[in-house]
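Each chain is listed here by its residues.
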Amino acid sequence: MSESGRVSWPPEAPLWTFDWRLADAPDEEGIVVLGAAYRGHEVFHKASLPSLRVQYSGPCGPYKDPLNYDNSHPTSRCPGSRVCVYSYTAGGLRALSVESYHTIGAYRLTHRWVFWENGVVMPRLYSAGLQCPFDHRHHVYWRLDFDIDGAARDLLLEYNTYTPDEGWGPGWHPFRTETSRVKNAGSRRSWAVLDLDSGRGYHLLPGAADGTADAFSTADLWLLRYRAAEDRYGRQGSAADDGLAAYVSGESTDGQDIVVWYAGHLLHRVSEGGDDWHATGPDLVPFGPWS
């Protein structure tokens, strides 16, 4: 079983257009966003959440929890559908939310994509519930296949306060081959994907609750050259290993079709109980001449 749909929003003068789907096993990658364009310019070929791993401090797990149609449920907001698409206004800006609600064991999970009229995209996972009475972390992996103004000619840059001007502005350093990176709050580390021809791009800003890699999940960001075989539709890695290191093979990413994986590491302390909701996810913020 699956659900799918098409978004052209707002309907009177569309800013965002894309397709979405929520599939069942063996394709288990939450709500998938396909062919997303903002103001007529392509942003994503595909954006998804193919892997969700849970690491416990006690004798439980680890677990790999797929987000799929089968473990999703209608909500009171959208009782006739397992994917809820709705618009709202916050801070004077309009937004469109595409979300699904899932239960896996004792976990309650909401997977949400928010598309703002100013071009910002907010991928989010919200989690509540205790499967075992021990502190744990949900390691959430988004796969972002950026195709800004088409598949070719994209470049990833990293910002740090200590980086001199290398030709991309103070703080910015380009990565021209595949790599993995770890967050560094002290240097305000963030990333950007730039289309070299149009000058349009997206900043990737880590969320305040996104945590940092550890021995269980050893990186926060992976830069890869697009290879179709590396999109496994949710069959990525295992409970014990995210499987992404094997893809970092030194291929060129300089003006290529690139894929960015980003991980949030969401801490849930058992002392907080199972009722409070916790959230993780980055902000994706456009820059350049989109209007």
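Residues numbered from 1 in each chain as written. Predicted model: local features only at pLDDT ≥ 70, side-chain atom pairs only at ≥ 80, totals over all residues. Heavy atoms only, no water.

Draft legend 1. Local environment of the overall build of the protein chain. Helix and strand counts for the protein chain stand at zero helices and 20 strands. Whereas a compact globule of 291 residues would reach a radius of gyration of roughly 19 Å, the protein chain reaches 18 Å, a difference of no more than 12%. Each of the three principal axes of the protein chain carries a C-alpha extent, and together these read 50 × 50 × 40 Å. The burial tally for the protein chain puts 53% of its 291 residues in the buried class. A separation of at least 24 residues holds for 66% of the contacts in the protein chain among residues at least 6 apart in sequence. Carbon and sulfur atoms provide 51% of the accessible area of the protein chain, an area that totals close to 11,500 Å². Both charge centroids of the protein chain, one from 26 positive and one from 37 negative side chains, sit 1 Å from each other. (Helix = DSSP H or I, 4+ residues; strand = E, 2+ residues; numbered from the N terminus. Rg over C-alpha atoms; globule rule 2.2 N^0.38 Å. Buried < 20%, exposed > 50% of the residue type's maximum accessible area, 1.4 Å probe, protein only. Contact = heavy atoms within 4.5 Å. Areas by Shrake-Rupley, 256 points an atom, 1.4 Å probe, with all protein chains shown as cover. Lys, Arg positive; Asp, Glu negative; His and termini not counted. Charge placed at Lys NZ, Arg CZ, Asp CG, Glu CD.)

Draft legend 2. Summary view of a negative patch on the surface. A cluster of acidic side chains, namely D135, E272, D275 and D276, defines a negative patch on the protein surface. Among the secondary structure elements, D275 is positioned in the loop between β18 (258-268) and β19 (278-280). Residue classification places D275 among the exposed residues on the basis of a relative accessible area of 63%. (Patch = residues over 30% accessible without salt bridge, like charges linked within 9 Å, V, L, I, M, F, W, Y side chains within 5 Å. Salt bridge = Lys/Arg side-chain N within 4 Å of Asp/Glu carboxyl O.)

Draft legend 3. Representation of the packing of aromatic side chains in the model. Summed over all chains, the structure comprises twelve aromatic pairs. Here W16 and F115 contribute two aromatic rings whose centre-to-centre distance is 5.0 Å and whose plane-to-plane angle is 65 degrees, an arrangement assigned as edge-to-face. Of this pair, W16 sits in strand β2 (residues 16-22) while F115 sits in strand β9 (residues 107-116), placing them 99 residues apart in sequence. Residue F115 is classed as buried on the basis of its relative accessible area of 0%. Between Y202 and W290, the ring centres sit 5.5 Å apart and the planes meet at 75 degrees, which makes this aromatic pair edge-to-face. Of the two residues, Y202 is situated in strand β16 (residues 201-205) and W290 in the segment after β20 (283-287); the sequence distance between them amounts to 88 residues. We note that Y202, like W290, is buried. Members of the aromatic cluster, each reached through a chain of ring pairs, are W16, F18, Y38, F115, Y202 and W290. (Phe/Tyr/Trp six-rings, centres within 6.5 Å; stacked < 30°, edge-to-face > 60°.)

Draft legend 4. Inspection of the side chain of S97 at higher detail. Structurally, S97 is set in strand β8 (residues 93-104). A relative accessible area of 0% means that S97 is categorised as buried. Polar side-chain contacts of S97 include one of 3.4 Å to the side chain of E99. In contact with S97, not counting residues within four places along its chain, are C84, V85, Y86, Y88, R112, W113 and V114. (Polar contact = N/O pair within 3.5 Å; in protein donor to acceptor, adjacent residues only side chain to side chain.)

Draft legend 5. The arrangement of the pairing of strand β7 (residues 84-90) in detail. Note that β7 and β8 share seven bridges and pair antiparallel. The residue bridging T89 from the neighbouring strand is R94, located in β8. What sits between β7 and β8 in their antiparallel hairpin is a turn of two residues, with G91 showing a positive phi close to 60 degrees. (Pairing = 2+ DSSP bridges.)

Draft legend 6. Representation of the pairing of β20 in the model. Of the two faces of β20, only one is covered, namely that formed by L284 and P286; the face formed by D283, V285 and F287 stays uncovered. As paired strands, β16 and β20 are joined by five bridges and run antiparallel to one another. Counterpart to H203 in the pairing with β20 is V285.

Draft legend 7. Structural context of the nonpolar core. Judged by nonpolar contacts, the single largest core of 50 residues is most densely connected at W16, F18, F44, W113, L144, L156 and Y202. Here this core takes seven residues from strand β4 (residues 41-56), the largest share from any one element. (Core = buried A, V, L, I, M, F, W, Y, C linked by side-chain atoms within 4.5 Å.)

By themselves, these figures tell us nothing about what the structure is for.
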